[in-house]
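Spelled out from the first residue to the last, the chains are:
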2 protein chains.
Amino acid sequence: MKKLRKKIFGCAPAHTVFFGPGRKEFHPKKPRPGIEHYILEAAKDSVAQVKNPGALDQGVVGNFMAARFNRQAHLGALLPEACGELLHKPCMRVEGACGSGGLAVIAAANAILSDMADAVLVVGVEVQNTVKAMYGADILAGAGHYSRQRKDGHVYFFPDLFSRRAGAYYEKYGREDTRRAMAEWYAQAIENARRNPKAQEFHNADPDPRATAMTEPNAKAFLEHINVFDCSKVSDGASAVILASEEGLANLGVAKSDAAEFAAVAQCEGNLARDPEDPARLDTTAAVASKALAMAGAKPSDLGLLEVHDCFTITGLLALEAIGLAEPGRAAPYLLDGKARFDGECPVNATGGLIGFGHPTGATGVRQVGDMVMQLTGKALDCQVKIGDARPYAMSINMGGDDKTLVSFVLRAT
Amino acid sequence: MKKLRKKIFGCAPAHTVFFGPGRKEFHPKKPRPGIEHYILEAAKDSVAQVKNPGALDQGVVGNFMAARFNRQAHLGALLPEACGELLHKPCMRVEGACGSGGLAVIAAANAILSDMADAVLVVGVEVQNTVKAMYGADILAGAGHYSRQRKDGHVYFFPDLFSRRAGAYYEKYGREDTRRAMAEWYAQAIENARRNPKAQEFHNADPDPRATAMTEPNAKAFLEHINVFDCSKVSDGASAVILASEEGLANLGVAKSDAAEFAAVAQCEGNLARDPEDPARLDTTAAVASKALAMAGAKPSDLGLLEVHDCFTITGLLALEAIGLAEPGRAAPYLLDGKARFDGECPVNATGGLIGFGHPTGATGVRQVGDMVMQLTGKALDCQVKIGDARPYAMSINMGGDDKTLVSFVLRAT
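What you see is a predicted model, and the numbers here were worked out from it, not measured in a lab.

**Re the relation of the copies chain B and chain A**
- For the pair chain B and chain A, the superposition axis carries a translation of 0.0 Å, the fit reaches an RMSD of 0.0 Å, and the rotation angle comes to 180°. Given the turn and translation reported, the copies of this chain are related as if by a two-fold rotation axis.
- Most of the interface of chain B is mirrored in chain A, where 100% of its interface residues are also at the interface.

Here you go:
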């Protein structure tokens, strides 16, 4: 196990509103800000939190598909526009589908560990409401193995892949409790998002989200094993965070108490050209979680906050099992017992997660790290959970594709 | 000036044929290999050069626009298919337009310097012949500031940006010698490519490329200040190389004599949202070259081999001035004196460069590093130049967009 050769901290977290259907002010026919607006808003909000932006040595942008959603690549070259101090310093964009944001944080961590940088600005961004959902589904299929999987694939390509995972899980472990647990996941996501003014579901006023989420899946109208409430929505948004060494924090003029420390930085890649051996399991997620926990010297019962990649409710359940919080097939009782709730023993996605906060794909991995920093520095406002000494670690899982690009971080308070 | 905290080596260079118009076997209507084929061919060729592929700790893919040319993103997740030993290890794709390949090498260097990896497989790839040139020009405009520049831009967006740079240069320094030097650049590219069986222009049999390249630019048929011979062509291809620490080389089973050492690793980012102050100058290129030379402790006269990013002949001239090999406005006499020739004091683009070898955009920065490794280990076959003690360094400049993402490496023999 490789260890972190020096300390890395996260600070200056910033999110734009995560925008799209569900927000009161969203209207499909009304003009909306473009991708550059989002990058600049998040980056400037983050940079404004440090005393000395000149101490920033590098920049990274995590983005999945601006090439198709916005016809714009080369997003690293927008960072010097967002922060003039980055002109002629190293900037790059990284991509691993919906794991792009996590990879951006990985790239920043590597730059700091390499001694090439002491402070790195990280921005994750995606603006997806530029096309209709059906075209968007084709664009997002670029996260899969397009040449092999797309031709005979479902029009809703990714929802279908996870519907099939849900079907396999029902078959292996039973359908009834699983469906109830998926509805519980949805309801918690909405309830958490209602505390978060930047969340896409902040305005969701459904009096009984558990009942809503129990809507029977309908293969003719959508998919066989999941309904629309099991899916994260199409979102526009950006998040930013600054990674720094101990020296970098001092140079930036950020107090250590305004930062959280990385206890683990982990990444694992699956093989895009192969289907999962057992669709009721997330193998690459299990690999990255085990790597991250080992690096942090922690076990699942040490986790006091979890950010998981619930692109679909079933993915959330599978992630709990991959991390080891629940035994295989036991995610449903774990959830139905309330352990993942806002006031549970290990709150999951306290700001809403992908289903509640929203899922601007390239932003998500950065958003997770930013939210963990806010929680561990006591700045999560109405979303603040209590992270005690018994469970001092926060952990994130960010996923690209169908269990292919996996990034996990473990953070703790300074 | 940050220094490399430990030694980094490059080894196991591999290139596919760089394919497209100009190759005898190319026919626009005949089926061609897809992007996955190129990634696998280059990666496997590289990996086959090491005794123990299990020592590979990570993988990086440099790619610009597979999202639009091939509808495939998430290319990092194809590395475990190319090399099973990378399954569940960290892999990512990086992007900075035509500087994507250089950024992939930067990411690999950071991973090694960070102590997170001792050996990293780097693949650069682009497959662009999937669409007609006019659509391709729109796709490539994603390397520019699309929302601002594209609407009123020329149909051949990037060639036009550099035609305007050429016009500004003619005005400032004179047209006649400049045009002759651009033709000299073209001719050297073709002559060098004829020694390189993998080059797109390998089959070029033009008896007088200098005369051909003097064809008068024609604004009605193409562009005002440059002709088609001033432009690199549309290419499909991939290159791979392995970066390793000293320990990594040993673990891979690669002899030090089969590797070259990195003396400098440099990157600088320009601001995508701003036009150049003086179009007759490459400011970001000058910044990255000066950074790389400082890190290597070298001066321009120490360079015995140069790989520059001649997406257009004028870019080649401007790069020589940005590096400091020629004073501003003096690239023409430098070239016409034969200093950049295959047998000159500092051969430039000895395997053909972007105009002669070809320019599969995401591959180019990796290709340059691979070619420098081949030259410094004496394995460049018919393209081998003599790199003596008086000028022991090889240097590359890889550029994304219009002088925006700049990557430079300085290498020397072990």
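**Section: the packing of aromatic side chains**
- One pass over the full model with this rule turns up 16 aromatic pairs over all chains.
- Taking the centre distance of 5.2 Å and the plane angle of 75° together, the rings of F157 of chain B and F158 of chain B count as edge-to-face. By the burial criterion, F157 of chain B is buried, and F158 of chain B matches it.
- Aromatic side chains Y169 of chain B and Y173 of chain B sit 4.8 Å apart centroid to centroid with 55° between the ring planes, which places their arrangement in the tilted category. Placement of the pair is Y169 of chain B and Y173 of chain B together in helix α7 (residues 157-173), with a separation of 4 residues, close to one helical turn.
- Among the residues examined, Y173 of chain B registers a relative accessible area of 31% and is labelled partly exposed.
- Above the ring of F342 of chain A, the side-chain terminus of R195 of chain A is found at 3.8 Å from the ring centroid.

**Section: the confidence of the model for chain A**
- Overall, the predicted model of chain A reaches an average pLDDT of 97, with 100% of residues at or above 70.
- Interface scoring of the predicted complex returns ipTM 0.98; its pTM is 0.98.

**Notes on the pairing of strand β4 (residues 119-127) of chain A**
Residue and element names in this part refer to chain A.
- Most of β4 is tucked away: 9 of the 9 residues are buried.
- Residues A119, L121, V123, V125 and V127 of β4 are buried on one face, and the alternating residues V120, V122, G124 and E126, pointing to the opposite face, are buried as well.
- Sheet topology places β4 next to strand β5 (residues 236-244); 9 bridges connect them, and they run antiparallel. In the sheet register, V127 faces β5, and the bridge partner there is D236.

What counts as what
- Residues numbered from 1 in each chain as written.
- Chains lettered and ligands numbered in written order.
- Predicted model: local features only at pLDDT ≥ 70, side-chain atom pairs only at ≥ 80, totals over all residues.
- Heavy atoms only, no water.
- Least-squares fit on C-alpha atoms with pLDDT ≥ 70 in both.
- Contact = heavy atoms within 4.5 Å.
- Phe/Tyr/Trp six-rings, centres within 6.5 Å; stacked < 30°, edge-to-face > 60°.
- Buried < 20%, exposed > 50% of the residue type's maximum accessible area, 1.4 Å probe, protein only.
- Helix = DSSP H or I, 4+ residues; strand = E, 2+ residues; numbered from the N terminus.
- Lys NZ or Arg CZ within 6 Å of the ring centre and 35° of its normal.
- pLDDT = per-residue confidence, 0-100.
- Pairing = 2+ DSSP bridges.

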